[in-house]
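Spelled out, the chains give:
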Amino acid sequence: MPLDIVVGTQWGDEGKGRIVDLLAKQADIVARFNGGDNAGHTVTVFTEGSGSQTFKLHLIPSGVVHAHTSGILGSGMVVNPATFFAELDALLAAGVSIGPERLQISFAAHLITPAHRALDRAQEMARGSGQIGTTGRGIGPAYTDRAARRGLRLQDALDRSTFHEKMLAHVAAANQQLVALGVEPLDAQAVAKDYNDFAARLAPYISDTGLQAWLALKQGKAVLAEGAQGTLLDLDAGTYPFVTSSNPTAAGALLGLGLGAAPIRRVIGVTKAFQTRVGAGPFPTELEGEAATRLRGTGANPWDEFGTTTGRPRRVGWLDGVLLRYAVRLNGLTEIMMTKLDVLSGLEKIRICTAYRAGGVEYEQLPLGPADLSPFKPIYEELPGWQADLQSLHRWEDLPAAAQNYIRRVEQIAGVPIGQVSVGPERGQVVDVAA
Ligand code: GDP
């Protein structure tokens, strides 16, 4: 019963998409379990005759580009039907054969509506200088409604005799909040009508996806769970309150799929060779100025560290071993896949934070989790860099000794093996780490 879970160990953007792409080859079911259309995996679709097309999937599991897989959007997700159908249409246009026969959404996932999106933007504006940096896609308000037990589940869309009234009541309630925030209310009838149309189109996609995954696992099939965002953005375990509204960690995968722990085979943490963060929140190993520009890139390469939708430069810094140990523990990682090692090429020295210091005491583990990191100063170890470009290297033996040394040191700090290291964005640019 092999369930493999892929999670980001940092603040998202670790390059999970390409690792999922590699692993999906051996999977029968690929599943998203948390978040909504606020995350994005870059996928490349190869079609005979028309070459390759690259685009972002924000909602549909990226592994569905492999024709032999089925996709699941699990119960831990919040689903904007407009995005769902836009992605479906984009996949169909790219020649990917996809429909309800190989894509299902959990009845227990929640709907995102235009009212959630309007509230998200209005609430973020109202926070003024204390903004969280939400994507404005309604994710937070949809999860708020879920927790307040007034949310709309996909299941609600199956009963058309009551759905219209539920939508009207939902928009009316949201409108009260919007008006209080000084924002124009929405046309409830128009929203309810659009969602009535969506409901008809969604119906064949809605089922108990947890049951399907469980039955598949019982038959010996392989399920791959793709996390969005990263461990340090977990609602409960992350750098609260600068977090997302869901649980992108391994425990979140189980609840967000409707499965228990027994089927787990591997929990794979995707770790960038350095650290990046979008938006506000603590970042102990953050770099400024020229050193930051060196890691971030100038924007000339597609992999440079700029927000995919906003174009805003990401905050960058050295790999943080204390936070990595935390991610290993919290997710129960069996292994790590390291990405973007090639970006470190050309540096004279590479630093890793191995511990924090506060009040004269050294900490290898976080005493109270990552929410308040302000008392801690990183303690760095300096390792020699390497000059060779790694992008054309495929074998462990070909990596410069300094690069091998860096990988080994990160393994030691994390306490789990690094299975593979990626050295470029393409499918083949991956090196197996010697055991
Ligand atoms: P995710 O949000 O964690 O899934 O990250 P993405 O899948 O969006 O990846 C971020 C970007 O980094 C994409 O442009 C990838 O092609 C690129 N990328 C991933 N791995 C590597 C790598 O090893 N080297 C380089 N140079 N780019 C990479």
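Look up a bit, the structure's there.
Topic: the packing of helix α3 (residues 114-126) against helix α6 (residues 160-180)
Between two packed helices, both the angle of their axes relative to each other and the distance between the axes serve to describe the pair.
Next up, step 1: Two elements in contact, α3 and α6, have axes separated by 10 Å at closest approach and are oriented at 15 degrees. One way to sum up the angle between α3 and α6 is to call them roughly parallel. For the crossing formed where α3 meets α6, the hand is left-handed. Here Ala 115, His 116, Ala 118, Leu 119, Ala 122 and Gln 123 of α3 come into contact with α6, specifically with His 170, Ala 174, Gln 177 and Leu 178.
Next up, step 2: In the contact of α3 with α6, the residues fall into 6 nonpolar, 4 polar and no charged.

Side note on the packing of aromatic side chains
A ring pair, where both rings are aromatic, is described by two values, the distance of the centres and the angle of the planes.
Next up, step 1: In this structure the tally under the stated criterion is 9 aromatic pairs.
Next up, step 2: Between Phe 84 and Tyr 205, the ring centres sit 5.3 Å apart and the planes meet at 80 degrees, which makes this aromatic pair edge-to-face. Here Phe 84 is found in helix α2 (residues 81-93), whereas its partner Tyr 205 is found in the loop between α7 (188-202) and β9 (206-207), with 121 residues between them in sequence.
Next up, step 3: Taking relative accessible area as the criterion, Tyr 205 reaches 7% and is therefore assigned buried.
Next up, step 4: A centroid spacing of 6.3 Å and a plane angle of 55 degrees characterise the contact between Trp 386 and Tyr 406, whose relative ring orientation is tilted. In this pair, Trp 386 sits in the loop between β18 (377-384) and α12 (401-414) while Tyr 406 sits in helix α12, placing the two residues 20 residues apart along the sequence.
Next up, step 5: The class of Trp 386 is buried, set by a relative accessible area of 3%.

Considering the environment of Ser 422
Next up, step 1: Among the structural elements, Ser 422 can be located in strand β19 (residues 418-422).
Next up, step 2: Among residues more than four places away in sequence, those in contact with Ser 422 are Arg 18, Met 338, Thr 339, Lys 340, Leu 341, Asp 342, Gln 429 and Val 430.

A short note on the pattern of salt bridges
Next up, step 1: Tallying each qualifying case throughout the model produces 20 salt bridges.
Next up, step 2: The partner of Asp 13 in a salt bridge is Arg 314, with the nearest N and O atoms 3.4 Å apart. Note that Asp 13 is positioned in the loop between β1 (3-8) and α1 (16-24) and Arg 314 in the loop between α10 (289-296) and β13 (315-317), a separation of 301 residues in sequence.
Next up, step 3: The partly exposed category is assigned to Asp 13, whose relative accessible area is 31%.
Next up, step 4: Among the salt bridges present, the one from Arg 201 reaches Asp 89, with a minimum N-O distance of 3.4 Å. Note that Arg 201 is positioned in helix α7 and Asp 89 in helix α2, a separation of 112 residues in sequence.

Remarks on helix α8 (residues 209-218)
Next up, step 1: Listed as buried for α8 are Thr 209, Gly 210, Ala 213, Ala 216 and Leu 217. The buried residues of α8 occupy an angular sector of 130 degrees when the element is viewed end-on, so they sit on one face.
Next up, step 2: Residue Asp 208 occupies the N-cap position of α8, its side-chain oxygen lying 3.1 Å from the main-chain nitrogen of Gly 210.
Next up, step 3: One or two steps after α8, the chain reaches Gly 220, where phi turns positive at roughly 90 degrees.

With respect to α2
Next up, step 1: The end-to-end C-alpha separation of α2 is 18 Å, in line with the 18 Å expected for 13 residues at 1.5 Å each.
Next up, step 2: Listed as buried for α2 are Pro 81, Thr 83, Phe 84, Phe 85, Glu 87, Leu 88 and Leu 91.
Next up, step 3: Looking at the buried residues of α2, the elements they touch are β4 (51-57), β5 (70-73), β6 (78-79), β7 (103-106), β8 (110-111) and α7.
Next up, step 4: A side-chain oxygen of the first residue of α2 lies 2.9 Å from the backbone nitrogen of Ala 82; this N-cap is Asn 80.
Next up, step 5: Directly beyond the C-terminal end of α2, a positive phi value near 90 degrees is found at Gly 95.

Section: the site of the ligand
Next up, step 1: Near the ligand there are 19 residues, and of these Gly 15, Lys 16, His 41, Asp 342 and Ser 422 occur at the shortest range.
Next up, step 2: The contact in question runs from a nitrogen atom of the ligand to an N or O atom on the side chain of Arg 18, over 2.8 Å.
Next up, step 3: One nitrogen or oxygen atom from the side chain of Ser 422 is found 2.5 Å from an oxygen atom belonging to the ligand.
Next up, step 4: Considered on its own, the ligand offers 580 Å² of accessible surface; in the complex 91% of this is hidden by protein.
Next up, step 5: For the shell around the ligand, the elements supplying multiple residues, two or more each, are α1 and β3 (41-47).

Examining the packing of α6 against α7
Next up, step 1: With their axes 9 Å apart at the nearest point, α6 and α7 run at an angle of 145 degrees to one another. Where α6 crosses over α7, the two elements pack in a sense that is right-handed. For the pair α6 and α7, the contacting residues are Arg 160, Phe 163, His 164, Met 167, Leu 168 and Val 171 in the first and Ala 188, Gln 189, Val 191, Ala 192, Lys 193, Tyr 195, Asn 196, Ala 199 and Ala 200 in the second.
Next up, step 2: For the contact of α6 with α7, a count of residues per class yields 10 nonpolar, 3 polar and 2 charged.

Thoughts on the pairing of strand β15 (residues 335-339)
Next up, step 1: Judged by how many residues are buried, β15 sits mostly within the fold: 5 of 5 residues are covered.
Next up, step 2: Here β15 shows a buried face lined by Glu 335, Met 337 and Thr 339 and a second buried face lined by Ile 336 and Met 338.
Next up, step 3: Bridge count between strand β11 (residues 264-272) and β15: 5 bridges; the pairing is parallel. Its bridge partner lying in β15, Thr 271 is registered against Met 338.
Next up, step 4: Across 3 bridges, the pairing between β15 and β19 is parallel. Bridged to Ile 336 within β19 is Ile 418.

Conventions used here
- Residues numbered from 1 in each chain as written.
- Predicted model: local features only at pLDDT ≥ 70, side-chain atom pairs only at ≥ 80, totals over all residues.
- Heavy atoms only, no water.
- Axes fitted to C-alpha atoms, helices over the stretch in contact; angles between N-to-C directions.
- Helix = DSSP H or I, 4+ residues; strand = E, 2+ residues; numbered from the N terminus.
- Parallel < 35°, antiparallel > 145°, perpendicular 65-115°, else oblique.
- Left-handed = near helix turned anticlockwise from the far one by under 90°.
- Contact = heavy atoms within 4.5 Å.
- Nonpolar A, V, L, I, M, F, W, Y, C, P; charged D, E, K, R; others polar.
- Phe/Tyr/Trp six-rings, centres within 6.5 Å; stacked < 30°, edge-to-face > 60°.
- Buried < 20%, exposed > 50% of the residue type's maximum accessible area, 1.4 Å probe, protein only.
- Salt bridge = Lys/Arg side-chain N within 4 Å of Asp/Glu carboxyl O.
- Arc of directions from axis to C-beta.
- Polar contact = N/O pair within 3.5 Å; in protein donor to acceptor, adjacent residues only side chain to side chain.
- Expected span 1.5 Å × (residues − 1).
- Near = heavy atom within 4 Å.
- Areas by Shrake-Rupley, 256 points an atom, 1.4 Å probe, with all protein chains shown as cover.
- Pairing = 2+ DSSP bridges.

Purely spatial values, then, with no claim about function.
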